Amino acid sequence: NYKYEVKSSVLEGTDNLVNTFLFETKTGDCKAFASAFIMLCRTAGIPARFVGGFLPGDHDTATGTTSVRRKHGHAWAEIFMEPYGWIPFD
């Protein structure tokens with residue numbers, strides 16, 4: 001029952017993003033969801049890490065170029081599972 005918002009400003013300025021997200025606002029962006037997932041996994045003894053990167057971007061067929069901008073930024077989590085290694089969760 002948590003709400004995803006692409007441009008969430010609800011958590012800006014908070015001292016503890018994960019606690020505020022999980023127990024108060026229940027609304028957040030990819031950083032909030034990934035951070036909370038990682039903390040819950042680590043609490044359960046599952047190795048987890050935060051990953052940031054970019055989505056593919058906008059392709060311009062006229063020029064053949066692709067533009068990757070700030071709006072294409074994204075965050076997700078990965079957990080480590082033997083024998084597979086790091087598995088992404090989004």
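The structure under discussion appears in the preceding block.
Described below are features of the structure shown in this document. The model shown is predicted, which means the values in this text are computed figures rather than measured ones. (Residues numbered from 1 in each chain as written. Predicted model: local features only at pLDDT ≥ 70, side-chain atom pairs only at ≥ 80, totals over all residues. Heavy atoms only, no water.)

1. Some details on the packing of aromatic side chains
Okay, so step 1: The tally for this structure, following the rule as stated, stands at 5 aromatic pairs.
Okay, so step 2: Three or more aromatic residues link up through ring pairs in this structure, and these residues are Tyr2, Tyr4, Phe21 and Phe33.
Okay, so step 3: Its guanidinium or amino end placed over the ring of tryptophan 86, arginine 49 lies 4.0 Å from that ring's centre, counting from NZ or CZ. (Phe/Tyr/Trp six-rings, centres within 6.5 Å; stacked < 30°, edge-to-face > 60°. Lys NZ or Arg CZ within 6 Å of the ring centre and 35° of its normal.)

2. Remarks on the environment of alanine 34
Okay, so step 1: Within the secondary structure layout, alanine 34 lies in helix 2 (residues 30-43).
Okay, so step 2: The class of alanine 34 is buried, set by a relative accessible area of 6%.
Okay, so step 3: Here the alpha-carbon distance between alanine 34 and glutamate 5, two residues 29 residues apart in the chain, equals 13 Å.
Okay, so step 4: The residues contacting alanine 34, other than those within four sequence positions of it, are Phe50, Ala75, Trp76 and Ala77. (Helix = DSSP H or I, 4+ residues; strand = E, 2+ residues; numbered from the N terminus. Buried < 20%, exposed > 50% of the residue type's maximum accessible area, 1.4 Å probe, protein only. Contact = heavy atoms within 4.5 Å.)

3. Looking at the pattern of salt bridges
Okay, so step 1: Per the counting criterion, the structure on display carries 4 salt bridges.
Okay, so step 2: Measuring nitrogen to oxygen at the nearest pair gives 2.7 Å for the salt bridge that ties aspartate 29 to lysine 31.
Okay, so step 3: What makes lysine 31 partly exposed here is its relative accessible area of 43%.
Okay, so step 4: Two residues, lysine 71 and aspartate 58, come together in a salt bridge whose shortest N-O distance is 3.3 Å. Here aspartate 58 lies in strand 4 (residues 58-60) and lysine 71 lies in the loop between strand 5 (65-67) and strand 6 (73-81), a separation of 13 residues in the sequence.
Okay, so step 5: On the basis of relative accessible area, lysine 71 is assigned to the exposed category, the value being 59%. (Salt bridge = Lys/Arg side-chain N within 4 Å of Asp/Glu carboxyl O.)

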